[in-house]
Amino acid sequence: MEDNQQVEPVVTTKDERMWAMLCHLSALTGFIVPMGSIIGPLIVWLIKKDEMPLVAEHGRKSLNFQITILIAYIVCLILMFAVIGVILLPLVAIFSFIMVIVGAIKTNDGKEFNYPLSLNLIK
């Protein structure tokens, strides 16, 4: 006999989606404050991860992406000696900005979002 169990969709509240969206948007502080792109999502994640599973998931995704972007920035800085880093650095910054905005919008709409090219460092 087959078990035809249906998986119930995860019901999220507007408050949960807002905090999950803040995990993504808080990364934009990195454009103003050094290391803010990691510190912002980390603070939101640490505050709400235990009481809101959606925030725990999106905080982890945001942190993984921001750490990946930090590694890309370091590689670009090293590649500046070969001039290619001068071209790549703004492209990485634009890519990061766009992906953070897309992630925040999709999360607030209750849709699944995974960052492309993100290393899975925090599990």
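Predicted model only: the values in this text are computed from it and were never measured.

### With respect to the overall build of the protein chain
The secondary structure content of the protein chain amounts to four helices and zero strands. Expressed as lengths along the three principal axes of its C-alpha atoms, the size of the protein chain is roughly 65 × 35 × 25 Å. Every one of the 123 residues in the protein chain was classed for burial, and the buried ones make up 33%. Within the protein chain, residue pairs in contact and separated by at least 24 positions form 63% of the contacts whose partners lie at least 6 positions apart. In the structure as shown, the protein chain presents an accessible area of about 8,000 Å², 69% of it carried by carbon and sulfur atoms.

### A word on the side chain of lysine 61
Relative to the helices and strands, lysine 61 is located in helix H3 (residues 53-79). Of note is the side chain of lysine 61, whose polar atom sits 3.0 Å from the side chain of glutamate 57. Within the structure, lysine 61 has its side chain in polar contact with the backbone oxygen of phenylalanine 113 (distance 2.9 Å).

### What to know about unusual backbone geometry
Phi at valine 83 takes a positive value of approximately 70°, unusual for a residue other than glycine. The exposure class assigned to valine 83 is exposed, which follows from its relative accessible area of 54%. A positive phi angle, near 60°, is found at leucine 117, a position not held by glycine. Inspection of the secondary structure puts leucine 117 in the segment after helix H4 (84-108). Its relative accessible area of 73% is what places leucine 117 among the exposed residues.

### A look at the nonpolar core
Counting residues in hydrophobic clusters, the biggest one holds nine residues: Ala27, Phe65, Ile69, Cys76, Val92, Met99, Val100, Phe113 and Tyr115. Counting residues per element, the ones that place at least two in this core are H3 and H4. In this structure, tyrosine 115 is in contact with His24, Lys61, Ser62, Phe65, Met99 and Val100, ignoring residues within four places of it in sequence. In this structure, Cys23, Val44, Met52 and Val55 belong to the second largest nonpolar core, which totals six residues.

Criteria and thresholds
- Residues numbered from 1 in each chain as written.
- Predicted model: local features only at pLDDT ≥ 70, side-chain atom pairs only at ≥ 80, totals over all residues.
- Heavy atoms only, no water.
- Helix = DSSP H or I, 4+ residues; strand = E, 2+ residues; numbered from the N terminus.
- Buried < 20%, exposed > 50% of the residue type's maximum accessible area, 1.4 Å probe, protein only.
- Contact = heavy atoms within 4.5 Å.
- Areas by Shrake-Rupley, 256 points an atom, 1.4 Å probe, with all protein chains shown as cover.
- Polar contact = N/O pair within 3.5 Å; in protein donor to acceptor, adjacent residues only side chain to side chain.
- Core = buried A, V, L, I, M, F, W, Y, C linked by side-chain atoms within 4.5 Å.

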